[in-house]
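# Commentary on secondary and tertiary structure
The chain contents come next:
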Amino acid sequence: MRLAGAVTIVPEVSDDPLLAELKERLAEVDDLGGVGGLLAWDQQTCMPPAGAATRAAQRATVHKLAHELFTHDRVGELLEQLVPLEESLPYDSDEAGMLRVTRRAYDKARRVPASLAAEMSHASSEAHEAWVEAREASDFARFRPHLERGLELRQRYIDCFPPSDNPYDILLDDYEEGMTAAEATAVFDELKTTLVPLIDAVVDRADSVDDSFLHGSFPRERQEWLVEEVLQTFGFDRSSWRLDTVVHPFALSLGPGDVRITTRFHEDYLPTALFGAMHECGHGLYEAGIDPRLARTGIGHATSLSIHESQSRMWENLVGRSRPFWQRFFPDLARSFPDTFGGMDAEAFYRGINKVQPSLIRIEADEATYNLHIVLRFELEQDVTAGRLAVADLPEAWNQKMRDYLGIEVPDDAHGVLQDVHWSFGFGYFPTYSLGNVIAGQLWERIRVDIPDIDERIGRAELGELREWLREHIHQHGAKYTMRELLERVVGTGLDPQPYASYLKAKLTDIYGL
Ligand code: ZN
């Protein structure tokens, strides 16, 4: 079988015929995963709307084939026969990692019938199309039957697993292995003890930071130029990346040398495209940094969504919303939009892009209130999954929580319950965003020790050292280590919200003069 850079693999291990057979099968499963990813990418970037029904069927078929190939009895036999080999291998070896991760995924996937997996995939494709239309029309009723269908399928999915104290844990585990709702709640509660009083203090001084200049007239072609400048500094590589425009931005990789990121442009609001592109580029850098020798082995992908989000949020916020970054890039910005920024300085821009104010849209929220948007979704998902809240009552429940947590009124469903694409795919994704913030804070504390002049480097647009640090400590391993193992290796602890809370407190204390 083909393994890029296979020279690093211990020869006698690769020679094991059972391992070779397993690897061949995993390579095919990965190939089908890539094909499915390409179909999904195409659906969101290029496909004409009328192709939706055919595409849903195609994606479901590819998904079903991959599921059948992976859950085949032979994979179970091979895993069983390879136990002695796995036990003889060092924990850190690629093969041990591959066997460990495959065993966990196999045990889980075997519980789910291929027909249910295909139904879920098919329903998701249809739900996505319905969501796009419903959001455009700001009409929850159009999305509601798809959400109800998705929920019914999720209940059948949950029933495939041993009963859990909280059925939501089974859904959460798909996005963040081993994480429970109780543990996520504890992390968020601790985060809130810093965030809630901090947000209150800052909102009281709202007038001291002006961000009105972010709304105005920003012609798309000039935004595109600026986005390209910034992304190239981050590490966007034309020979192996693409940037496209979509309704709801995302990033994915189809394998080594093929990273797809997306953004969307608003000509009347600058941050959407700029910071959105930085965010997706952070995801892309993670995918691009995975060691190519892990490709097509079952561990050549990201380990978890919260690690993924730690990367995107780090590049978007800790780098992209930092003072040194804009000391370097503000002149480029002012040249692009002289009417708006000609008479301004970098410091005013830095303060403006970090203004904290309760707002309606999650992906445009500031770093502090962002986490309350996540808590709101996390609570609603748990209520709906547990049957405490009917899908039909989601819009009102959403609007009530926006009042309670952020003190604002939701004008319509497009700016409320319909704003995010995720519920067309299922429940359990959202907590990983705030966990990603928390992890980014922990990693950044470590980065400051290892790269003491990180601020000066950012100020000179020299980001290679940071990129290399992340590649070495996080990216290269793919899925070999779990999120907890990675944290333990890199920062020596488990999840800890304190570094992120301290980072935010210091930043906002400085900006608002608290
Ligand atoms: Zn993201």
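Residues numbered from 1 in each chain as written. Predicted model: local features only at pLDDT ≥ 70, side-chain atom pairs only at ≥ 80, totals over all residues. Heavy atoms only, no water.

## Describing the overall build of the protein
Our working definition: Comment: elements are numbered from the N terminus, with helices defined as DSSP H or I runs of at least four residues and strands as E runs of at least two. The globule rule used here is 2.2 Å times the number of residues to the 0.38 power, and the radius of gyration it is set against is calculated over C-alpha atoms. A 1.4 Å probe rolled over the protein chains alone gives each residue an accessible area, and that area as a share of the maximum for its type sets the label: buried under 20%, exposed over 50%, partly exposed in between. Only heavy atoms matter for contacts: two residues are in contact if any of them lie within 4.5 Å across the pair. Where accessible areas are quoted, they stem from the Shrake-Rupley method and a 1.4 Å probe; at the residue level, only the protein chains shown are allowed to cover. Only four residue types enter the charge count: Lys and Arg as positive, Asp and Glu as negative, with His and the chain ends excluded. The location of each charge is read from NZ of Lys, CZ of Arg, CG of Asp or CD of Glu.
When helices and strands are tallied, the protein shows 23 helices and three strands. Relative to the globule expectation of 24 Å for 514 residues, the C-alpha radius of gyration of the protein, 23 Å, shows essentially globular dimensions. Along the first, second and third principal axes, the C-alpha set of the protein runs to 70 × 50 × 45 Å. Evaluated residue by residue, the protein yields a buried proportion of 56% over its 514 residues. Look at the contacts in the protein between residues 6 or more apart in sequence, and 73% of them connect residues 24 or more apart. For the protein, the exposed area adds up to about 20,800 Å²; of that, 51% sits on carbon and sulfur atoms. If the 52 positive side-chain charges of the protein are averaged to one point and the 86 negative ones to another, these points end up 1 Å apart.

## Side note on the sheet that holds strand β2 (residues 251–255)
As a reminder of what qualifies: Paired strands are those between which DSSP finds at least two bridges. Orientation is described by lines fitted to C-alpha atoms, with helices fitted over the stretch in contact, and by angles between N-to-C directions that extend from 0 to 180 degrees.
One open sheet holds the three strands; their spatial order is β1-β3-β2, and the pairing between them is mixed. Every other strand in the sheet has two partners, leaving β1 (241–245) and β2 as the edge strands with one partner each. Between one strand axis and the next, the sheet turns through 20° on average, direction left out of account. Where β2 meets strand β3 (residues 258–263), four bridges bridge the pair, whose relative direction is antiparallel. In the strand pairing of β3, G255 is matched with D258.

## Section: the packing of helix α10 (residues 181–204) against helix α19 (residues 431–450)
This is how the line gets drawn: Each angle gets one of four labels, with under 35 degrees taken as roughly parallel, over 145 as roughly antiparallel, 65 to 115 as roughly perpendicular, and the rest as oblique. For any helix crossing, the convention is left-handed if the near helix is rotated counterclockwise from the far helix by under a right angle, and right-handed if that rotation is clockwise. The residue classification treats Ala, Val, Leu, Ile, Met, Phe, Trp, Tyr, Cys and Pro as nonpolar and Asp, Glu, Lys and Arg as charged. All others, Gly included, are polar.
Between α10 and α19, the shortest axis-to-axis distance is 11 Å and the interhelical angle comes to 55°. Put simply, α10 runs oblique to α19. The chirality of how α10 crosses α19 is left-handed. Each of V187, F188 and L191 in α10 lies in contact with α19, whose residues at this interface are P431, S434, L435 and V438. Looking at the contact of α10 with α19, its residues break down into six nonpolar, one polar and no charged.

## A closer look at the environment of L147
Turning to its location among the elements, L147 is positioned in helix α8 (residues 140–158). Taking the C-alpha atoms as reference points, L147 and W131, 16 residues apart in sequence, are found 9.3 Å from one another.

## Re the packing of aromatic side chains
What counts, and what does not: Ring pairs are drawn from Phe, Tyr and Trp, using the six-membered ring of Trp, whenever the two centres fall within 6.5 Å, and their geometry is named by plane angle: stacked under 30 degrees, edge-to-face over 60, tilted for the rest. Note on criteria: charge over ring means Lys NZ or Arg CZ within 6 Å of the ring centre, with the direction from the centre no more than 35 degrees off the ring normal.
Inspection of the entire model under this criterion finds 27 aromatic pairs. Consider the rings of F218 and F341, whose centres lie 6.2 Å apart with planes at 25°: the pair is stacked. One end of the pair, F218, is in the loop between α10 and α11 (220–234); the other, F341, is in helix α15 (residues 338–341), and 123 residues separate them in sequence. The exposure classification of F218 matches that of F341, with both residues buried. Where F337 meets F341, the ring centres are 6.5 Å apart and the plane angle is 70°; that geometry is what we call edge-to-face. F341 matches F337 in its accessibility class, with the two residues each being buried. One aromatic cluster in this structure is built from F213, F218, F234, F275, W315, F325, W326, F329, F330, F337, F341 and F349. Between R321 and the ring centre of F275, over which it is positioned, the NZ or CZ distance is 3.9 Å. Seen from the ring of F430, R377 lies directly overhead, with NZ or CZ sitting 5.4 Å from the centre.

## So, helix α22 (residues 483–490)
Counted only if it meets this: The arc in question is the one traced by the directions running from the helix axis out to the C-beta atoms.
For α22, the set of buried residues is M483, L486, L487 and V490. Considered in projection along α22, the buried side chains sweep an arc of 100° and stay on one side of the axis. Looking at the packing, one finds that the buried side of α22 touches α13 (305–319), α19 and α21 (464–473). G492 sits one or two positions beyond α22 and adopts a positive phi of about 80°.

## Observations concerning the state of the cysteines
The criterion, for reference: In this description, a disulfide is simply a cysteine sulfur pair whose atoms lie within 2.5 Å.
Under the defined criterion, the tally for this structure stands at zero disulfides. We note that C281 lacks a disulfide partner, and the nearest cysteine sulfur, in C46, lies 20 Å from it.

## With respect to the nonpolar core
The test is simple: Only buried Ala, Val, Leu, Ile, Met, Phe, Trp, Tyr and Cys residues count toward a nonpolar core, and they belong to the same one when joined by side-chain atoms within 4.5 Å.
Counting 154 residues, the largest nonpolar core has F234, W326, F341, F349 and W423 as its most contacted members. Excluding residues within four positions of it along the chain, W423 makes contact with F143, L147, R377, L380, E381, L394, W398, V417 and F430.

## Comments concerning the pattern of salt bridges
The following threshold applies: The rule for a salt bridge is simple: a side-chain nitrogen of Lys or Arg has to be within 4 Å of a carboxyl oxygen of Asp or Glu.
With the rule as written, the count across this model stands at 45 salt bridges. The residue R446 makes a salt bridge to D450 at a minimum N-O spacing of 3.1 Å. With a gap of four residues between them, R446 and D450 both fall in helix α19, about one helical turn apart. With its nearest N and O atoms 3.0 Å apart, the salt bridge here joins R457 to D453. Residue D453 is classed as partly exposed on the basis of its relative accessible area of 28%.

## A word on the layout of surface pockets
Just so we agree on the cut-off: Note on definitions: the grid is 1 Å and covers protein atoms alone; a cavity is a set of points where a 1.4 Å probe fits but cannot get out; a pocket is an open set with protein on both sides within 12 Å along at least five of seven lines; lining residues have an atom within 4 Å of a point. Grid points are joined across faces, edges and corners, and a volume is the space filled by probe spheres set on the points.
The volume enclosed by the second largest pocket comes to roughly 380 Å³. Where the lining of the second largest pocket is concerned, the elements lending two or more residues are α13, α14 (323–336), α19 and α23 (498–512). With five residues, α23 is the largest single contributor of residues to the lining of the second largest pocket. Of the residues assigned to the lining of the second largest pocket, the class counts are six nonpolar, four polar and seven charged.

## Some details on unusual backbone geometry
The general pattern is negative phi for most residues beyond glycine and trans for most peptide bonds. Not every positive phi belongs to a glycine, and S138 is a case in point at roughly 50°. Considering the arrangement of structural elements, one finds S138 in the loop between α7 (114–137) and α8. Despite not being glycine, A461 has its phi angle at roughly 60°, a positive value. Looking at the element boundaries, A461 is found in the loop between α20 (454–459) and α21.

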